[in-house]
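Letter by letter, the chains look like this.
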Amino acid sequence: MRLFIHLLKLGFFIAALALTACSDKDTPGEIPPEVPPEVPEVDPPVPDGPYEYDYDMDYDSEKYLKAYKGTAYKGPHRVPGTVEAEDFDEGAQNVAYYESDSKLADAGYRGSHAVDVRAESKASGGYYIGDVQPGEWMCYTIEVDEDGAYAIETFCVKGDGSEGSFYFEVDGRGASRSIDMPLGGWTDFSHKVKANGIQLTKGKHVLKYCANTPGNIDKFVLTRTGELEDISNSFTYPVTEAMSNPLFVEWESPMYNSWIKGPLYTADASAHVWNIDGKEVLYVYASHDMEPALGCDRMDRYHVFSTEDMVNWTDHGEIMNAATVRKHNGWGCDGFMWAPDCAYNPENQTYYFYFPHPANAANWNSTWRVGVATSKYPNKEFRVRGYIEGMPPEIDPCVFIDEDGQPYIYNGGGGKCYGGKLRKDDWTKLDGEVKPMTGLSDFHEATWIHKYNGKYYLSYADNNPGANRLRYATSDSPLGPWKYEGIYLEPTTCDTSHGSIVKYKGQWYAFYHTSDFSGQGNLRSVCVDKLFYNSDGTIQVVKQTRGNK
């Protein structure tokens, strides 16, 4: 089952560069001299043995099929062929199906069942699945006659006039992008939509229908449309293009847990200026919204981008995903790779990548950790070292390096913001305890620290309902107390907001994200605009120029 054993492997990066850097949060314009190509060993030292930089998602369809406990009902269903929606697999809740309403329904077919099977003369076979709610799903064991690319026509309808969508998985992996559900009468099953390019090898598979919004489902018709595609290693990096604003939308990326290509959605930009071979290069470390979205659960990868002119951007590819956290350090879960940050230590010529990630998916919101990975390069070969013990179980880590070389770390969420020191000799450990940041007005999340004219600035997202804004406060100390100053970015087109502020080649910039490109608040795109200060040090409200060159 060669197709489903292989997921795209992203790990093709540019050749090693002799490099040095300074944090954009240091004194503006102050860049350390270049370091020689020979650099000391990372502290803590690299474990024996070769690095593993195949950023594979670690999914294996054969393991999935062996572990699957559902059994075919009236099947396995032959493919090509028709699968009635009501003929989902036999098995328990969370095995063969997931039904959010535990109330039993009985339409005289299969007896009383949690899945809402309804009788309807207009439906194929006289029955359909009704009121499929967001997050619900049904599995169907199929037997494929021949390797190939297949189309799935879904006869379905959504009757309340609002937009809706669904998608398919095969053997526990994404098999389609989000598919818009047709509108009409709730039992008018003349409506159908087609998903193309479903790659299936000969033999047994488990097809899974996944609902993003309510709808009624009648049947699925699967037809072979072409040859099986070889999609392994289908992404090659780095790649450079001239970008518009929003940034990075011209590039493709894989869908969540899949080889399927779609638009690249990015958020939570952490922007830094590093010195590379004597040149100032601006790097952006971004989280990755993956389609089909499920809230923000499926943000599973981190990309790195760079520019030398704010026009031409290079995508260096993926540097980490949830699978690599487990592979390198043995903790974590799928998804939930939220807003990151990066810092450079000139003492050991090492880049430190900080990221929030829960210990487990079952209790993700209370098990956040601040993970840390290190590399000799700004854009590749990051190895997870562990997580910073003593940090509160919150999100959005930010690291600020003061002029004396002292590193500070911050995180926060849900109205709480914390900050403290990292050890100068080990940026993976705290130097003392963190403490709450005081003086902030309506703090929500997304801490960012920078320095301007001797003042420390803490910017963050507020709680403005449905449309967060970016606010800021100032202090004479990197750990406060803080004085609230105002709003510097009004709401964008999505409900969340997260930004970074950086000076590059004499100009200050504000990075943030919007949903302009996708129209969905959980499929976001990074934007950038110029930022200006008033003579008294306050920040002018950023003029958003999204959609312009």
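These numbers were taken from a predicted model, which means no experiment stands behind them. (Residues numbered from 1 in each chain as written. Predicted model: local features only at pLDDT ≥ 70, side-chain atom pairs only at ≥ 80, totals over all residues. Heavy atoms only, no water.)

Colleague: Can you lay out the overall build of the protein chain for me, pointing to particular residues and giving the numbers?
Modeller: Within the protein chain, the regular secondary structure consists of 3 helices and 37 strands. Across the 549 residues in the protein chain, those meeting the buried criterion constitute 59%. Partitioning the intrachain contacts of the protein chain with sequence separation of at least 6 by distance along the chain shows that 63% fall at a separation of at least 24. For the protein chain, the accessible surface area stands at approximately 20800 Å², while carbon and sulfur atoms represent 46% of it. (Helix = DSSP H or I, 4+ residues; strand = E, 2+ residues; numbered from the N terminus. Buried < 20%, exposed > 50% of the residue type's maximum accessible area, 1.4 Å probe, protein only. Contact = heavy atoms within 4.5 Å. Areas by Shrake-Rupley, 256 points an atom, 1.4 Å probe, with all protein chains shown as cover.)

Colleague: I'd like to hear about the confidence of the model for the protein chain, residue by residue, with values.
Modeller: Within the protein chain, residue pLDDT values average 88, and 88% of them lie at 70 or more. Segment residues 1-53: pLDDT under 50, and 180 contacts once partners within four positions in sequence are set aside and those in other chains are kept. (pLDDT = per-residue confidence, 0-100.)

Colleague: Summarise the nonpolar core; cite the residues concerned and give the values.
Modeller: Ile129, Phe168, Tyr209, Ile217 and Phe220 are the most contacted members of the largest nonpolar core, which totals 44 residues. Of all the elements, strand S7 (residues 137-144) adds the most residues to this core, at 6 residues. If near-sequence neighbours (up to four positions away) are discounted, Tyr209 is found in contact with Val132, Glu136, Trp137, Met138, Tyr140, Phe166, Tyr167, Phe168, Met181, Ile217 and Phe220. Within the second largest apolar cluster, 33 residues are counted, among which are Leu440, Ala461, Ala473 and Trp482. (Core = buried A, V, L, I, M, F, W, Y, C linked by side-chain atoms within 4.5 Å.)

Colleague: Break down helix H3 (residues 322-329) for me, citing the residues and quoting the values.
Modeller: Buried within H3 we find Ala322, Ala323, Thr324, Val325 and His328. Against the buried residues of H3 lie strand S21 (312-321), strand S23 (350-358) and strand S25 (383-387). The opening residue of H3 is Asn321, an N-cap whose side-chain oxygen sits 2.9 Å from the backbone nitrogen of Ala323. One or two positions beyond H3, positive phi appears at Gly330, with a value near 75 degrees. (Polar contact = N/O pair within 3.5 Å; in protein donor to acceptor, adjacent residues only side chain to side chain.)

Colleague: Kindly report on the sheet that holds strand S37 (residues 525-530), identifying the contributing residues and their values.
Modeller: Reading across from one edge, S35-S36-S37 is the order of the 3 strands in this open sheet, with antiparallel pairing throughout. In this open sheet, the two strands that pair with only one neighbour each are strand S35 (500-504) and S37. Neighbouring strand axes in the sheet, compared pairwise and without regard to direction, differ in orientation by 30 degrees on average. The pairing of S35 with strand S36 (residues 507-514) spans 5 bridges and is classified as antiparallel. Its bridge partner being in S36, Ile501 is matched across the sheet by Ala510. (Pairing = 2+ DSSP bridges. Axes fitted to C-alpha atoms, helices over the stretch in contact; angles between N-to-C directions.)

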